[in-house]
Amino acid sequence: MTGYEIASIAPEIVLSAAGVLILLLEAFAPATRRAFTVLAALATVAAGFAAATMVQGRSFAGLIEQNEITIVFTAVVLISTLLGLLASDGWLRREGLLAGEYHALFLWCAAGLLFMLRATELLTIFVALETLSLALYALAAFHRRVKMGTEAALKYFLVGTFASAFILYGIALLYGETGSTMLPAIGERFAAGGLGPLAAVGVVLVVAGFAFKMSLVPFHAWSPDTYQGAPAPFVGFLSVAPKAASALVLLRMLEAAGGDWGTLVALLSVLSMVAGNLLALVQKDVKRMLAYSGIAHMGYLLVAFATLTPASFDAAAVYLLSYALMNAGAFAVVTVLYERAGEQHLISDLSGWGYRFPWLAAALSISMLSLGGLPPTFGFIGKYVVFLHAVGHGDVWLAVIGVLTSLIGVFYYLRVVYTLYMRPLSHEPAGTLRDAWGGTAAVLAALATLLLGVLPGPILDWVLRSAPGP
Amino acid sequence: MSWLELLFGNTLTRLVFFPTVAALPLLFFRRDAVRAIKWYALAVSLVELLFGLVLLATHLRPDGTFAAARDLVGGAAPEWIGRFGIRYQLVMDGIAMPLVVLAVFLLPFVIAGSWRGIETKWKGYAASMLVLTTGTLGALVAWDLFLFYVFWEVMLIPMYLVIGIWGGERRVYAAIKFFLYTMAGSLLMLVAILWLAWTYAETAGAWSFAYEDLMRLDLPLGPQLWLFAAFALAFAVKVPMFPFHTWLPDAHVEAPTGGSVILAGILLKLGTYGFLRFGLPLFPHAAEAAQPLILALALIGILYGALVAWVQVDWKKLVAYSSIAHLGFVMLGLAAFDLVAWEGSLLQMVNHGLSTGALFLLVGMIYDRRHTKQFADFSGLAKPMPWFAFFLVFSTLASVGLPGLNGFVGEFLILAGAYRAVGWWAAAATFGVVLAAVYLLKMLIETLWGPLDREENRSLADLGGREIAILVPLAALMLVIGVAPEPFLKPMRADLGATLETYQERVAAAPAAGATLREAAPAGEGEAGEDEELPRAAEIDDAEDVAVVSAALAPTAPPAAPEAAR
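Residues numbered from 1 in each chain as written. Chains lettered and ligands numbered in written order. Predicted model: local features only at pLDDT ≥ 70, side-chain atom pairs only at ≥ 80, totals over all residues.

1. Brief notes about the overall build of chain B
Step number 1: Secondary structure assignment for chain B yields 24 helices and six strands.
Step number 2: A globule of 566 residues ought to have a C-alpha radius of gyration of about 24 Å, and chain B, at 23 Å, matches this closely.
Step number 3: Each principal axis of the C-alpha atoms in chain B carries an extent, and together these give about 80 × 55 × 45 Å.
Step number 4: Buried residues in chain B amount to 60% of all 566 residues.
Step number 5: Here the analysis covers contacts within chain B between residues at least 6 apart in sequence; of these, 81% occur between residues at least 24 apart. (Helix = DSSP H or I, 4+ residues; strand = E, 2+ residues; numbered from the N terminus. Rg over C-alpha atoms; globule rule 2.2 N^0.38 Å. Buried ≥ 20, exposed ≤ 12 C-beta atoms within 10 Å, placed from the backbone. Contact = placed C-beta atoms within 7 Å.)

Here you go:
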């Protein structure tokens, strides 16, 4: 291994090593438990530095590639890791579950995600996917005493392995047809033409597999149950990071396959936007509502994929950055406000709490308005970039469906704001709701959402590689 | 101008953002320090009014015309999102100015008028009102369509909160209805803005959302129709025009007094202003094609609003439906494409803000006392409350259009101009004036005169000093506009004329076969009306700014924009 190769996987090394260290501390110095969150957060920040200073290029015989886009997606993953870890601390203490495994699994999952989003070879992608998936399954079941948690994990596991099988089968077919598992080589073979129908089947299978991971309709059935049962701070991570990395792989696969996949993508997009928003409308549980809203958001994201250009990657990156901040912020507040983790998280439980917890309520409201795509929040900028891409590339109808369905979205996001501020106080919180880290994560995410919405210039300059547009 | 001057100088930026900045210290007030919060909010609104008047005074020329105010840094509108050519471009010309002044003028009355009506959560109420002011002022002076859209949406949330938190019985229903109706229209406008900007970028080779740049874009009729439809829907919901009006009565009835005043006084004007500024001039051929439809809907609005107002038994509902009728007149004037009618329309927007604002304040005052707005609960109020009766009659007559008061001037100009341009449409609309007299005078008869048969009404206290102090300036202004409208019409004339001229020039040419870019208007024509005024505009500012300002306003596009495609 050359020095460059080691440097190129430095973020993953840092994350994995920190995970191992935390496990060892758990075994031999359990008194240090209280510092695990800080330790894991520091490791995430360190991984961020390593990723930021990385030189662009390919390593490991071209299996791993770092470029301007992977660094943005890395940021998405690490931001949601950091916010998820901070939000987890109070929850773990409250539930009496503070243990090293949680942090270790979290970090390893992040490492798997970083590998996956930078891999340019299908089997490497698959191995990374399995690494992170196993960590995700375990984390989903982390609340051992709660039945709903076990159910959540089991559903996620069964569907997840199913999706993995899809992907693996697709890879096999692609290899059979093109003779390679390297995405650039596959892209060349597709461009040369003359491939059999099985190659297309392979692409569809891989796309379907990652559509499971992104919980796109009709592959979404697992996500509401899993979100409802899994630990809230973990769901804040689950709903962003794996979806972001999967979206990048999906884009790469579509790019390599060339040709016209626009109709398929547009179909997935419309189904997700319509079904996700309509189903979110009738939810009473805030986590289920956010699960369906997450489905809808992946639908919006796909609007930029319908006409695939290099700018699609940029638009997706901006969108996912905004989504990472606002969704993680929302889940952080949910974690802090709902003390009894095993029960339902009814929206109506928040009645009148806007005046009891002004900071948390403001953070949640900002996240909701941003998810609804209202200016001046970062969520609006994300939608702007995605819809602009569609409008400019002849997919005006997709953008119109996007804005009309996001109107439905505004309705149920506003319901949270309305419950917080316009309903009488239903009950006092049972505990003290003291969760410094969770509150910090929520307020930070909300502030960033607002700030980047008001001054999006610098971040757009960073993410958008070339001048967008015609 | 430097950045610092932009923030602290006599600029639009200060005018737009001062209320929001001033809302931040509210966080540090104790929740129960209601008196302090009220006085603080009132002080802020008075300072804001002062800023507005100073800005007006410095840009009003000795001959009574108005020199557009622009916020420039280093001679150009500062970049906001450079990637997409989005600029922080604030311009207040003679079209926006009357509404901006109206907005800052009404704010202190809104705060003072809520003194008793708002009983809880004053902190949030004051903050919402101040942020709302930023949103409305920003939307009025934004000359970058992206920036305009952002301000346009920013208005929604504070208004949603004002209706939803401090409103009446069915406040939540009304708030959500208001939000969703308005949002539905504006989201399609967003798609239209994106399409427009993309087409501009394709044609010109560089990004811009600037109003002046997009005005130079000539489009084929097909796209024009779609884009106009999207813009028109957003604005028609806001006005509200006939089939999109159902949110308004609900919002007005449930909103607290201050919310109603702002809603009727300013927010609705954003819709008509949007037509005047963006909808009609940007898509001239589509606007021309849609003229019969707009006229028909405006006429329906006038007659339908009046007829429905006639049968109302609730004070606020009556005023709400009368708003629909009055704004129908404004739309009629706009759709006439006649300078006199346009002057009347713009003046009528201000008039309606004043008279309807006063009416809502009066309803609020009686509601504070009796906690009901039903006509059935009142009669013979003139006896215990002579001052109330005086102001109610005064505002009503202004609203009816009694000669000598402001409403007459606006309606007369609209009808005269419209008759010249579209003939019988205007003649039919005249019935609306008669109907307005019918339903408004009926309201006066039912509430002010007749037997004083209810015990509760006998002991009603007349208006106090605070309430009279609120109403006197409004009434005075109604009288002044009614007696001497020319000083109010003069500042808007040049810009209205230039906009209309550009519109007519573009309509006269056949629609383009494909998207093309017109040359930047040479001096002496169309938009250039402003350019020739420049030296005089500069006289008012510091001498060193002369070069900067005139360089920025030179007829050629700013350096960021590329040369015309042709």
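2. What about the overall build of chain A?
Step number 1: From N to C terminus, chain A includes 21 helices and two strands.
Step number 2: Radius of gyration (C-alpha) of chain A: 21 Å, near the 23 Å computed for a compact globule of 470 residues.
Step number 3: Projected onto the principal axes, the alpha-carbon positions of chain A cover approximately 70 × 55 × 40 Å.
Step number 4: Each of the 470 residues in chain A was classed as buried or not, and the buried ones make up 62%.
Step number 5: Long-range pairs, those at least 24 residues apart, make up 82% of the contacts in chain A between residues at least 6 apart in sequence.

3. A short note on the nonpolar core
Step number 1: Judged by nonpolar contacts, the single largest core of 413 residues is most densely connected at Val76(A) and Leu332(B).
Step number 2: Apart from residues no more than four positions distant in its own chain, Val76(A) is found in contact with Val240(A), Ala241(A), Ala244(A), Leu320(A), Leu321(A) and Ala324(A). (Core = buried A, V, L, I, M, F, W, Y, C linked by C-beta atoms within 7 Å.)

4. Digging into the interface of chain A and chain B
Step number 1: With 29 residues of chain A at the contact, the number on the chain B side is 27 residues.
Step number 2: With 13 residues, helix H19 (residues 396-422) of chain A is the single largest residue contributor to the side of chain A that touches chain B.
Step number 3: Its residues assigned to classes, the side of chain A that touches chain B comprises 24 nonpolar, four polar and one charged. (Nonpolar A, V, L, I, M, F, W, Y, C, P; charged D, E, K, R; others polar.)

5. A closer look at unusual backbone geometry
Step number 1: With omega at 10°, the peptide bond leading from Val217(A) into Pro218(A) counts as cis.
Step number 2: Take Pro218(A): it is sitting in the loop between helix H9 (197-213) and helix H10 (222-229).
Step number 3: The linkage connecting Val239(B) with the following residue, Pro240(B), adopts the cis geometry, with an omega of -10°.
Step number 4: Checked against the element boundaries, Pro240(B) lands in the loop between helix H10 (221-238) and helix H11 (247-254).
Step number 5: In this structure, Lys121(B) is a non-glycine residue whose phi angle is positive, near 50°.
Step number 6: Overall, the presence of 19 C-beta atoms within 10 Å leaves Lys121(B) in the partly exposed class.

6. Considering the environment of Val330(B)
Residue and element names in this part refer to chain B.
Step number 1: By the secondary structure assignment, Val330 is in helix H14 (residues 315-335).
Step number 2: C-alpha separation for the pair Val330 and Tyr304, spaced 26 residues apart in sequence, amounts to 15 Å.
Step number 3: With sequence-adjacent residues up to four places away left out, Val330 is seen in contact with Thr272, Ser345, Gln348 and Met349.

7. Concerning the environment of Ala264(B)
Residues and elements named next belong to chain B.
Step number 1: Residue position: Ala264 is located in helix H12 (residues 257-282).
Step number 2: Of the residues examined, Ala264 has 29 C-beta atoms within 10 Å and is grouped as buried.
Step number 3: Taking the C-alpha atoms as reference, Ala264 lies 9.2 Å from Leu248; in sequence the two are 16 residues apart.
Step number 4: Other than its neighbours up to four places away in sequence, Ala264 contacts His252, Ser323, Thr356, Gly357 and Phe360.

8. Quick look at helix H2 (residues 12-23) of chain B
All names here are of chain B.
Step number 1: Taking 1.5 Å as the rise per residue, H2 with 12 residues should run 16 Å; its terminal C-alpha atoms sit 18 Å apart, in good agreement.
Step number 2: The set of residues buried in H2 consists of Leu12, Thr13, Leu15, Val16, Phe18, Pro19, Ala22 and Ala23.
Step number 3: The inward-facing, buried residues of H2 abut helix H1 (3-8), helix H3 (34-59), strand S1 (69-70), strand S4 (91-92) and helix H5 (122-141). (Expected span 1.5 Å × (residues − 1).)

9. As for the environment of Ala469(B)
Step number 1: When you line up the elements, Ala469(B) lands in helix H20 (residues 465-483).
Step number 2: Taking the C-alpha atoms as reference points, Ala469(B) and Tyr273(B), separated by 196 residues in sequence, lie 30 Å from one another.

10. Regarding the confidence of the model for chain B
All names here are of chain B.
Step number 1: Averaged over all residues, the pLDDT of chain B is 85; the fraction at 70 or higher stands at 92%.
Step number 2: The lowest-confidence element of chain B is helix H24 (residues 544-553), averaging 35 in pLDDT; the highest-confidence one is helix H6 (residues 145-154), averaging 94.
Step number 3: This stretch, residues 523-566, has a pLDDT under 50; its non-local contacts, to residues over four places away or in other chains, come to 73 contacts.
Step number 4: Interface confidence in the predicted complex, given as ipTM, is 0.93; pTM for the same model is 0.91. (pLDDT = per-residue confidence, 0-100.)

11. Observations concerning the packing of helix H4 (residues 68-95) of chain A against helix H20 (residues 436-454) of chain A
All names here are of chain A.
Step number 1: Two numbers describe how H4 lies on H20: the axes approach to 6 Å, and their chain directions differ by 145°. On the side of H4, the interface is formed by Leu83, Leu86, Ala87, Asp89 and Gly90, while H20 contributes Trp437, Gly438, Thr440, Ala441 and Ala445.
Step number 2: Taken together, the residues of the contact of H4 with H20 break down into six nonpolar, three polar and one charged. (Axes fitted to C-alpha atoms, helices over the stretch in contact; angles between N-to-C directions.)

12. What about helix H12 (residues 241-257) of chain A?
All names here are of chain A.
Step number 1: Helix length check: H12, at 17 residues, gives a terminal C-alpha distance of 24 Å against a target of 24 Å (1.5 Å per residue), a fit within 8%.
Step number 2: The buried fraction of H12 amounts to 16 of the 17 residues, a majority that puts the element mostly inside the structure.
Step number 3: Gly258, located one to two residues past H12, shows a positive phi value of around 55°.

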